[in-house]
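Geometric and topological summary
So you can see what is in the structure, the chains are spelled out below.
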Amino acid sequence: MRRLAPYLQVAPLTLLLLFFLVIPVAAILVVSFWSYDEFDIYPDFILDNYAWIFTSPVTYSIYLKTIYYAVVTWAITLVLGFTISYYLVFHVKNLLWQIGLFLLCTVPFWTSNVIRMISWIPFLGREGLFNQALMNAGITSEPLEFLLFSDFAVILAYVHLFTLFMIVPIFNAMARIDPALIEAAIDGGAKPWQVIWEVVLPLSKTGIALGSIFVIALVMGDFFVVRTMSGGQSGSVVSAMMNEIALLQYPTAAAGAVVLLVIVTLMVAAILRVVDVRKELAG
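Residues numbered from 1 in each chain as written. Predicted model: local features only at pLDDT ≥ 70, side-chain atom pairs only at ≥ 80, totals over all residues. Heavy atoms only, no water.

Helix and strand content of the protein chain: 15 helices and two strands. Here the protein chain holds 283 residues, and 38% of them are scored as buried. Counting only contacts in the protein chain whose residues sit at least 6 apart along the sequence, the fraction spanning at least 24 positions is 68%. For the protein chain, the separation between the mean place of its 13 positive charges and that of its 17 negative charges on side chains is 15 Å. (Helix = DSSP H or I, 4+ residues; strand = E, 2+ residues; numbered from the N terminus. Buried < 20%, exposed > 50% of the residue type's maximum accessible area, 1.4 Å probe, protein only. Contact = heavy atoms within 4.5 Å. Lys, Arg positive; Asp, Glu negative; His and termini not counted. Charge placed at Lys NZ, Arg CZ, Asp CG, Glu CD.)

As structure tokens, then:
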């Protein structure tokens, strides 16, 4: 029984991963090689679905647009997450104030993602509050068209929805930094930007890596934000997959899902190659 104890302990997690991850991904992979027509899908082994993905210029543009959204959102949330975390950890000395301000960052996340995203529409629209304020102040003479139903609106919604996923891991990483290291760097003559670049940033890389994985995975797997905030003028890989599913083109959608999974896996692997998260957390 002692020899079986470790296997019994990991058995529940193994079963969960098997039934809710391995088997579904394997099923998607199998279906991606099937053929289909207007009425049904047929078990087969063809490469036409993948050939269509890699030869269609439309598909290339959709994948590039999705990666563009992920990279821009990641860059903005990284700057915001690092700045907010740095302020909370090193400039707010009272622990109660730290906790209070950190919880304040989570208040918007107590409501639905859909509600928080749609709330931007009346604010950014042609007759919205922001455009009306600009015109009343004499800054602009007409409404700004790019604020809503554009790439700007999509990225703004992503930043609003996912910044907290960058703040939390960076805050946790910075909170583990010994204040004596900061004091030693200052006593050694380091300038503020040198303290951030050479002390705080290297010691926060675990949180940055984890936050980056969260944000990139969430953006790459989203379709509702793109469809709503772009007004249907832009698209993403997942929104294209939803359209294919609606048209009963399951094998093509499955092939797109496999390619997207490979891309996200490669992006995560690149992050983990730069930062050994397991080693950092163990240390």
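Attention now moves to the UniProt feature "transmembrane region" (unreviewed entry) in the protein chain. When the UniProt feature table is mapped to this numbering, "transmembrane region" (unreviewed entry) covers residues 12–35, 67–89, 95–125, 146–171, 207–226 and 247–272. Annotation note: span residues 12–35, helix share 83%, strand share 4%, distance between end C-alpha atoms 36 Å. Helix and strand shares over residues 146–171 are 81% and 0% respectively, and the end C-alpha atoms of the span are 33 Å apart. (UniProt positions renumbered as here; feature names shortened; annotations may be inferred.)

Here we come to the packing of helix α3 (residues 57–90) against helix α4 (residues 95–106). Between α3 and α4, whose axes approach to 9 Å, the crossing angle comes to 160 degrees. If you check the angle between α3 and α4, you find them roughly antiparallel. Viewed along their axes, α3 and α4 form a crossing whose handedness is right-handed. Along the contact surface, α3 presents Ile84, Tyr87, Leu88 and Val89, while α4 presents Gln98, Leu101, Phe102 and Cys105. Among the residues making up the contact of α3 with α4, the classes are represented as seven nonpolar, one polar and no charged. (Axes fitted to C-alpha atoms, helices over the stretch in contact; angles between N-to-C directions. Parallel < 35°, antiparallel > 145°, perpendicular 65-115°, else oblique. Left-handed = near helix turned anticlockwise from the far one by under 90°. Nonpolar A, V, L, I, M, F, W, Y, C, P; charged D, E, K, R; others polar.)

Quick look at the side chain of Ser32 now. Residue position: Ser32 is located in the loop between α1 (5–31) and β1 (35–36). Residue classification places Ser32 among the buried positions, given a relative accessible area of 0%. Apart from residues no more than four positions distant in its own chain, Ser32 is found in contact with Asn49, Tyr50, Pro251, Ala254, Ala255 and Val258.

Turning to the packing of aromatic side chains, a few remarks are in order. On inspection of all chains with the given rule, the structure shows 12 aromatic pairs. Ring geometry for Tyr68 and Tyr69: centres 5.9 Å apart, planes at 50 degrees, overall tilted. On the accessibility criterion, Tyr68 (39% relative accessible area) is partly exposed. Residues Phe146 and Phe152 carry aromatic rings whose centres are separated by 5.5 Å and whose planes lie at 75 degrees to one another, so their mutual orientation is edge-to-face. Judged by its relative accessible area of 38%, Phe152 is partly exposed. Linked through ring pairs, Tyr68, Tyr69, Tyr158, Phe162 and Phe165 together constitute an aromatic cluster. (Phe/Tyr/Trp six-rings, centres within 6.5 Å; stacked < 30°, edge-to-face > 60°.)

What follows is about the confidence of the model for the protein chain. When pLDDT drops low, the exact placement of atoms in the prediction is not to be read closely. Scored by pLDDT, the protein chain has a mean of 88; 98% of the residues are at 70 or more. Per-element confidence in the protein chain ranges from a low mean pLDDT of 60 for helix α15 (residues 277–282) to a high of 93 for helix α11 (residues 205–220). (pLDDT = per-residue confidence, 0-100.)

As a further point, take the nonpolar core. One recurring pattern in soluble globular proteins: nonpolar side chains tend to sit buried together. In this structure, Phe90, Tyr158, Met174, Val200, Met220, Val225 and Met229 are the most contacted members of the largest nonpolar core, which totals 64 residues. Here the element with the most residues in this core is helix α8 (residues 151–175); it accounts for 13 residues. Once you skip the residues sitting within four places of it in the chain, Phe90 turns out to touch Met174, Ile177, Ile182 and Val200. (Core = buried A, V, L, I, M, F, W, Y, C linked by side-chain atoms within 4.5 Å.)

This next bit is on unusual backbone geometry. A positive phi is found at Phe149, a non-glycine position, where the angle reads about 55 degrees. With respect to the helices and strands, the residue Phe149 is situated in the loop between α7 (129–136) and α8. We classify Phe149 as partly exposed; its relative accessible area is 36%. Of note, the phi angle at Leu248 is positive, near 65 degrees, even though the residue is not glycine.

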